[in-house]
Amino acid sequence: MTTSNEKLFDRAQLVIPGGVNSPVRAFRSVGGTPRFFKKGKGPRFWDAAGQEYIDYVCSWGPLLHGHANPEIVQGVCAIAQDGMSFGAPTELEINLAERLISLMPSLEMVRLTSSGTEATMSAIRLARGFTGRTNIVKFDGCYHGHGDALLVKAGSGALTLGQPDSKGIPADLASHTLVLPYNDVDALQACFKEYGDSIAAIIVEPIAGNMNMVLPHHSFLQTCREVTQEYGAILIFDEVMTGFRVALGGAQSIYGITPDLTTLGKVIGGGMPLAAFGGRREIMEHLAPLGPVYQAGTLSGNPVAVTAGLINLQLASEPGLYERLGDMTRAVMDGITNIAERYGFNLSSCAVGGMFGLHFQAQCPTNLKEVMGADNALFKRFFHGMLNEGVYFAPSAFEAGFVSTVHGTQELHETLEAAEKVFCQLAN
Ligand SMILES: *Cc1c(COP(=O)(O)O)cnc(C)c1O
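Please read all numbers here as calculations on a predicted model, not as lab measurements.

## Considerations on the domain arrangement of the protein chain
Under the domain assignment used here, the protein chain contains domain 1 (4–68 + 319–427) and domain 2 (70–316). One C-alpha centre belongs to domain 1, the other to domain 2, and the line joining them spans 26 Å. Between domain 1 and domain 2, the buried area comes to about 2,500 Å², and carbon and sulfur atoms account for 63% of it. Of all residues in domain 1, Y322, V352 and M355 give up the largest surface area on contact with domain 2, accounting jointly for 24% of the area buried on that side. For the pair domain 1 and domain 2, the interface holds 12 residue pairs in polar contact (both at pLDDT 80 or more). Looking at the side of domain 1 that touches domain 2, the elements that each hand over two or more residues are α11 (321–342), β13 (348–352), β14 (355–359) and α12 (368–371). In terms of residue count, the dominant contributor to the side of domain 1 that touches domain 2 is β14 (five residues). Taken together, the residues that form the side of domain 1 that touches domain 2 break down as 23 nonpolar, eight polar and two charged.

Pasting the structure below:
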């Protein structure tokens, strides 16, 4: 039985604020009715009206191997037969912790949580507890979940303290977060010169994926490492999006920089609610019950979620997988940008592993200010054109996109055929 997305959206809006359980799903920045999904298989999914789409969102990253991967589904069903949750330790959690540590050398110990937000909140608390300091540094345009201390935007002027980016966050709490431009080495050095002794941590997306996709300059990440070392602050790489998405060892393996703490999520749960934070043993040992920094979770390390994550990572460990994934992602990006160029549009792209950014401007941006310079009106028309043709991109110009390991030449072909049609329409 099918029903219309409009009908479902009407019903949803009566009982769920905005009709959605996470704001970007509401299509506010592109307009129109969000699609309500009821089935996914591999690189494709189907909405309530039965319309099929090639999926370039992949649940915002987790579905590294596409929808309803048979091995993950089978593993999850089997484990659920033995109980959904115990609120007590299981061997599976040890297996996942060991797997994460073996894949990411900067991790000596990890703690599992149920969402990326929890992981970043906990990592910040741990950094503050470990250093005895209060201030943290984040970068404009990076998203680290919706914890109070991290939902903060830049104040006016270069070196001012942060301001709440949402109602409900106390200004004095936000003032402990210093917000700097991404990729700005000078601002970072000036900030540490002035506030270095009071800074507990830098938290950074080592490849930014929440202001569309923005690549770091190597010198920027290098400076993050140097100033934290010099001033005794903790470097936190937020790899909730990039971990096991851009490479098996995360962005830190690509740039060769070792953070003190790393936060993970998305791919490590294979589509189930699961995240983690981890890093140097001496820091992690400050967590309760060993140390004085409290952190907990009723469903943390849930056996069903951990099983999905273990299989996702097992499948990710196949030799050559990220090279193939990177080639496919690059092919989709090159194909689309070539077509746009032929029709006279400014479109640039970047891609690493299974993560990509499409920018409706001549050159890829390097910080939030440049991201804001893209042609948003054109993006909206492109988005809706592609949606009509059965190709689902993120419903916002400020999100990265994702390709799975089961997106193949057929999907590439159909995507480029759709893009050809859409840009032809937009040009006329
Ligand atoms: C998605 C994301 C988060 C938040 O994770 P949730 O599971 O949505 O709470 C944090 N940091 C980054 C970099 C993310 O991409």
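So that's the structure; there's more coming.
## Structural notes on the site of the ligand
In the neighbourhood of the ligand, the contacting residues comprise S115, G116, T117, Y143, H144, G145, E205, N210, D238, V240, M241 and K266. Between the ligand and G116 there is a distance of 2.8 Å, counted from an oxygen atom to a backbone nitrogen or oxygen. D238 has a polar side-chain atom sitting 2.7 Å from a nitrogen atom of the ligand. In isolation the ligand exposes 380 Å². Once the protein is present, 82% of that is buried.

## Here we look at the sheet that holds strand β9 (residues 199–204)
Whether parallel or antiparallel, the strands of a sheet pair through hydrogen bonds between backbone atoms. The sheet built from seven strands is open, its strands ordered β4-β12-β11-β10-β9-β5-β8 with mixed pairing. Each edge of the open sheet is held by one strand with a lone partner, namely β4 (109–113) and β8 (177–180). Between one strand axis and the next, the sheet turns by 20 degrees as a mean value, whatever way the strands run. Relative to β8, strand β5 (residues 135–139) runs parallel, the two being bridged by four bridges. Among the inter-strand pairings, K138 is bridged to a residue of β8, identified as V179.

## Quick notes on α11
Relative to the 32 Å expected for 22 residues at 1.5 Å per residue, α11 spans 32 Å between its end C-alpha atoms, a close match to the ideal helical length. Backbone geometry just after α11 places G344 at a positive phi near 85 degrees.

## Quick look at the pattern of salt bridges
Per the counting criterion, the structure on display carries 11 salt bridges. As a salt-bridge pair, R280 and D260 come within 2.8 Å of each other at their nearest N and O atoms. Of the two residues, R280 sits in the loop between β12 (275–279) and α9 (281–284) while D260 sits in the loop between α8 (251–255) and β11 (261–264), which places them 20 residues apart along the sequence. Among the residues examined, R280 registers a relative accessible area of 26% and is labelled partly exposed. A salt bridge links E318 to R324, with the shortest nitrogen-to-oxygen separation between them at 2.9 Å. By sharing partners, the salt bridges in this structure join R44, E52, E411 and E414 into a single network.

## Structural notes on empty space enclosed by the protein
Here the structure, examined in full by the defined rule, presents two cavities of 30 Å³ or more. Here the largest cavity is characterised by a volume of approximately 110 Å³. Lining the largest cavity we find N212, F356, L358, F379, F382, F393, A394, S396, A397, E399, A400 and G401. Taken together, the elements giving at least two residues each to the lining of the largest cavity come down to β14 and α13 (376–388). Looking at side-chain class alone, the lining of the largest cavity contains eight nonpolar, three polar and one charged residues. Empty space within the second largest cavity amounts to approximately 80 Å³. Taken together, N212, L358, H359, F360, V371, M372, A374, D375, N376, F379, A397 and F398 form the lining of the second largest cavity.

## Some details on the pairing of β5
Of all five residues in β5, five are buried; the element is thus mostly enclosed. Burial along β5 is two-sided: N135, V137 and F139 facing one way and I136 and K138 facing the other are all buried. When β5 meets β9, the two strands line up parallel, connected through three bridges. Within the sheet, the bridge partner assigned to I136 lies in β9 and is A201.

The rules behind each value
- Residues numbered from 1 in each chain as written.
- Predicted model: local features only at pLDDT ≥ 70, side-chain atom pairs only at ≥ 80, totals over all residues.
- Heavy atoms only, no water.
- Domains from an automatic or database assignment.
- Buried area = accessible area lost by both parts, 1.4 Å probe.
- Polar contact = N/O pair within 3.5 Å; in protein donor to acceptor, adjacent residues only side chain to side chain.
- Helix = DSSP H or I, 4+ residues; strand = E, 2+ residues; numbered from the N terminus.
- Nonpolar A, V, L, I, M, F, W, Y, C, P; charged D, E, K, R; others polar.
- Near = heavy atom within 4 Å.
- Areas by Shrake-Rupley, 256 points an atom, 1.4 Å probe, with all protein chains shown as cover.
- Pairing = 2+ DSSP bridges.
- Axes fitted to C-alpha atoms, helices over the stretch in contact; angles between N-to-C directions.
- Expected span 1.5 Å × (residues − 1).
- Salt bridge = Lys/Arg side-chain N within 4 Å of Asp/Glu carboxyl O.
- Buried < 20%, exposed > 50% of the residue type's maximum accessible area, 1.4 Å probe, protein only.
- 1 Å grid on protein atoms, 1.4 Å probe; cavity = no way out; pocket = protein on both sides within 12 Å on 5 of 7 lines; lining within 4 Å.
- Points joined across faces, edges and corners; volume = space filled by probe spheres on them.

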